[in-house]
Every structure is written in C-alpha cells, then in structure tokens.
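Fold and geometry: a report
Listed below, chain by chain, are the residues.
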Amino acid sequence: MSAGWARLRSVLPARAELAAMGRRPRRDLLAGLTVAIVALPLALGFGISSGLGAEAGLATAVVAGAIAAFFGGSGLQVSGPTGAMTVVLVPIMHAHGASGVLTVGVLAGLLLIALALARAGRYIALVPAPVVEGFTLGIACVIGLQQIPAALGVPAPAGDKVSVVAWQALLDFVADPAWWPPAIAAGVAALMLAGARWRPTVPFSLLAVAAATLAAELTGLEVARIGDLPAGLPAPSLAFLDVAALGSLIAPAVAVAALAGLESLLSAAVADGMSVSHRHDPDRELFGQGLANLITPMFGGVPATGAIARTAVNVRSGAHSRLAALAHAAILAVIVFTASGLVAKIPLAALAGVLLATAIRMVEVGSVAAMLRSTRGDAVVLVLTALATLALDLVQAVILGLIVAGALALRAIARDVRLEAMPLRPDLPIDHTDEEHTLLAEHIVAYRLDGPLFFAAAHRFLLQLSEVAAVSVVILRMSRVTTVDASGALVLADAIERLQRRGITVYISGIRDGHHQPLHALGVIARLDQAGHVFATTPDAIAAARDHLHHTGILPTSTRDSTPVRAQPIGEP
C-alpha cells in the first residue's frame, strides 16, 4: 500500500512548484495572455478540423489546458488541441462519430495514467531524431492538405484520406470557383508568416483573423463562417460513452495515447531547451496529460496534447511557472463565456489560413536538410516516416520509422564487430630456435572477439572462424565481447562444434562475469568447461594449449612456453 501511494505521490504536484506560481505572477499572467491570443484561432481551427466543431476545440483548450498545466510535469508546457492529434481523430470521427472520439479520449487518458504510474516516460529518449523530424514533416503536410476545402470555400468531400479529399476539393473548386475564400486564406497565412519573421512576439494570427472577419463583415461577403457557439462550457457528462463499441475503440485509443504521450514529451523537451534551468518530469507529464484527456471529453472536448508552438510562445513571453498556462486557459474560458457571438462570425477560410501557416512553420527546413545530408540511413528513416504519415497514420508511421531505424542501427553495429587473429604474448622475448617457432606457429592460432556477440553480427564473423585453416589449437579471447545474446551464443556453439569435428582443440579465455549465464544456459561451453578448456586469463589458456600439444606429441618437449605465436589472418572481419 505504501509503495502504491509513493508511486502516486511521485506524479502529483510538489509544494515547491505550487509556491513558484506566486514568485513572478505579473510575468506569468502577461505570458498567459499572449499565449491565449495565439491559441484562440488554433483551438477553433483544430476543433473544426477534428469534425466536432469549434466549440470542442475551445473546450479542449480550456479544460485540458488547465488540468495539464496543474498536474503535468512541465511548468512551461501549454496543452490543448493540436494538428497532429487532429490527423488521428479524423478517421475515428468518420468511423465512429462524435461519441467514438470522446470515448477514445477517455480510454487514452486511462492508458496515459497507467504509463505514468509504470514510469514509462523516460523511454521517449529512445525515439531517434530522424523519426521525429519525419513524422513532424508528415504531420505538417497532412494539416496543410486538411485545410484545402475550407481555404477554397467548398464543402469538405467525404473520405478519411486527406490527399484524396484535398484533390476532390480542388476539382470542386475548379468546377465552380469562388475567389474570396482562397484570397482570405492566403492573406491570413501570408500575414502570419511575414509577421513571424518581422516581430515574432506579436500575435499576428489573431490580428489576421480579426482583420479578415472585419473585412468580411464590412463588405458583406458570402463566405462560410464558424456559426453559433454555446455561451459557455456544457455541464460535465458521461452520456457520450459508447460501451457497445469499446472493443473496436481500443486500437484507436492506443494510437491516441501513444501520440499524446510522444508529442507532449517532445514539447516538454523543447521547453527545457529554451529555458535556462527548467527540467520536466516525463512521468508526471504523462500523468497530467492522462488526467486531462480523461476529464476533457466530459465537457465535449477532443483529446489533447502538449502543443509545441504554444509552449514556445509561452517561454518566449517570459513564463516562469505553470501559472502562465493556467492563465491562458482562464482567459480562453472568459472568451467562451463572453465573446461567443464575435467568434461565430469568423470566416472558416481565415482559420484555414492560420492552420496553413502553422503547418508551414512546423517544418524547420534547415534541420530537415541537415538530417538528409547526415547519413543515408538517417535520410531513409526521415523520408519513410514522412511518407508513412501521409499514407497510413501517425502511430503506424512512428512504429515503422522505429523499426527501420533500429534495423539500420543494428546493421551499423554489426559492421563494427571484429574478429582478429592475434599474437598470444607479443611482449615476451623470442628465445627459441627458428625450427621450434615454426612448429608452434603451424599449430596454434588465437582470435580476439571485439564488440557484441548478438544476432545481427554473430553469423558474419563466427562462420568465418569455423573455416579457419588447418591448425591443432584455437584459442578464443572473449574479454572484449561487450554482450552475448541467445543467437550469438548458439552460433558460437556451432563454430566450436565445427572446429572440433575437424580435430581442432578449442580453448576459451576471458569470459566476462555477465556472459557466463547465456553461455551455460544454452550449453555452449558446458563440455569445454568439463574438459578444462575454459580459463579466466589468456596466459592460462596458452599454457594449457601448449601442454596439450606436448602431451599429444605434436610438439617436441624442447619447445618452451614463452614463445609467441604467429597471428593467422582469416580475411576481412
């Protein structure tokens, strides 16, 4: 019981962190206001893109933003609806409707809380950079394609493949073009992109949306708008839960939880890099995001994650503690309750422009170009992950990227493994006759194994060992073997057996303490150990090998034990 409570206590806010919210409240409140201004059009746009409507985006920004800010593991993180999550939610919305999306949010929240209690947050560091860059590039492309119907002012065609939907929307626009929507979207996006380069701290997204809305009102343009919004948040309810469909929603929930955890922890890491001394707790961040996703659907909100762009704005605006993110959620709540009428007049094309600019800014061209030039393997992983994001979904794309990256890493490690023929004791003086030296060199050869003896590399060099030229004794020096797995141990056993079938006596020296278990468990060295052919040091193995040669009469008794042995090459390692 005490261990369980300690685990739960480790993911709850610490008293010192709560006290930090009162140290610089003015800076935090100003940062929260700035983030809220930036977040408003994004929340509206991502809510609409998800299929649940602008009110769902606002509810998510308010509820999830507040809960994740208070319980999360980063004092600078800002959470809410994001483009990456929208990409995952669209097919869920098509397949299961609004109740399915909300139910998936609850299930994903439970999964994230379980991951936090299992302390799984630390494993985010294992995701390779090319996978992150590739899926970010893919997300940006998907977000941009999702905005095509609204940007062109045509109804969104049916379908859950964004490329197909975007192409059909383009055909519909060409058949009956209306130029005001694309003009508004292009103008908003251009103003945001130019403003971000000119004055990064100014919320040009809100200014652009406000200008587009005012222009549409004054000129009486007939463009699609957000429409009526409820004046406030709905009462919390669990009536949406689709119990009958729980079985079919498990897989989407796992995808949503995986994305929420991945994006939130990446965003928290970005916040750490932008600050001087702040460091996030990955397990607490998972707990905060899990709690936020568990509760937000009760208010009609979509699943949320940490938002990299909003978090960056928060840090740049001088945020000092989690009070800034809490203030951002509170300000958005005030807007929901007091300004829903004004929000309803915003043209959908203007929000499409905001999201198009956001998608463009997500891609760091310099970073992508540098990674493409880095190595061929990095380039393959990045491009493959990006294409998989477009063709499949984000979680499948990340899994595919991890598999390919892992396979390439194993291939690189396997290439570094070496099997080298070595002189046994090159430091000892040569005080034998040439005839005696020749006899020893013809009958004893030693090999040093360097690196991991594992499945990806074992066959390549141990099968070479089994084809060694005719000698009487082979000594395997294993002190530099870094790891041994079952595959490597079995291949080692196969190589030893082949040598013994050819009448070659095998000695092993220098097995590390941690490597005895797999070698004994699989019976690799049991017979050698019983025969007294396994030694702690190489000199002991050398002495035993020479005694064996003298005992069998292969070498005359005049040959002395201090003679070095010629290294015998076996080809490329």
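Predicted model, so just to flag it, every value in this text is computed and none were measured. (Residues numbered from 1 in each chain as written. Predicted model: local features only at pLDDT ≥ 70, side-chain atom pairs only at ≥ 80, totals over all residues. Heavy atoms only, no water.)

**Focus on unusual backbone geometry**
Put simply, the rule reads: Secondary structure elements are defined from DSSP: runs of H or I of at least 4 residues count as helices, runs of E of at least 2 residues count as strands, and each element is numbered from the N terminus. Relative accessibility under 20% of the residue-type maximum defines a buried residue, over 50% an exposed one, and the middle range a partly exposed one, all with a 1.4 Å probe and only protein chains included.
The backbone of R119 shows a phi angle near 60°, a positive value even though the residue is not glycine. Of note, R119 is situated in the loop between α5 (83–117) and α6 (129–146). Exposure remark for R119: the relative accessible area of 34% places this residue in the partly exposed category.

**Some words on the environment of T537**
Keep this limit in mind: Two residues form a contact once any of their heavy atoms are found within 4.5 Å. For this analysis, a polar contact is any N or O atom pair within 3.5 Å, provided that within protein one partner can donate a hydrogen and the other can accept it, and provided that sequence-adjacent residues contribute only side-chain to side-chain pairs.
Here T537 lies in the loop between β8 (534–535) and α25 (538–551). Between the C-alpha atom of T537 and that of M478, which follows or precedes it by 59 residues, the distance is 9.7 Å. Every residue in contact with T537, bar those within four places of it in the chain, is listed here: S509 and G510. Among the polar contacts listed, one links the side chain of T537 to the side chain of D540, at a separation of 2.9 Å.

**Some words on the packing of aromatic side chains**
Heads up, the rule is: Aromatic rings from Phe, Tyr and Trp, with only the six-membered ring used for Trp, were paired whenever their centres fell within 6.5 Å, and each pair was classed as stacked if the ring planes differed by under 30 degrees, edge-to-face if by over 60, and tilted otherwise.
In the structure shown here, the tally under the stated rule is four aromatic pairs. Between the aromatic rings of F70 and F71, the centroid separation amounts to 4.9 Å while the plane-to-plane angle is 80°, which identifies the pairing as edge-to-face. Given a relative accessible area of 23%, F71 falls into the partly exposed group.

**Topic: helix α13 (residues 308–316)**
Every buried residue belonging to α13 is among R310, T311, A312, V313, N314 and V315, and all of these are buried. Looking one or two residues past α13, G318 carries a phi angle of roughly 95°, positive in sign.

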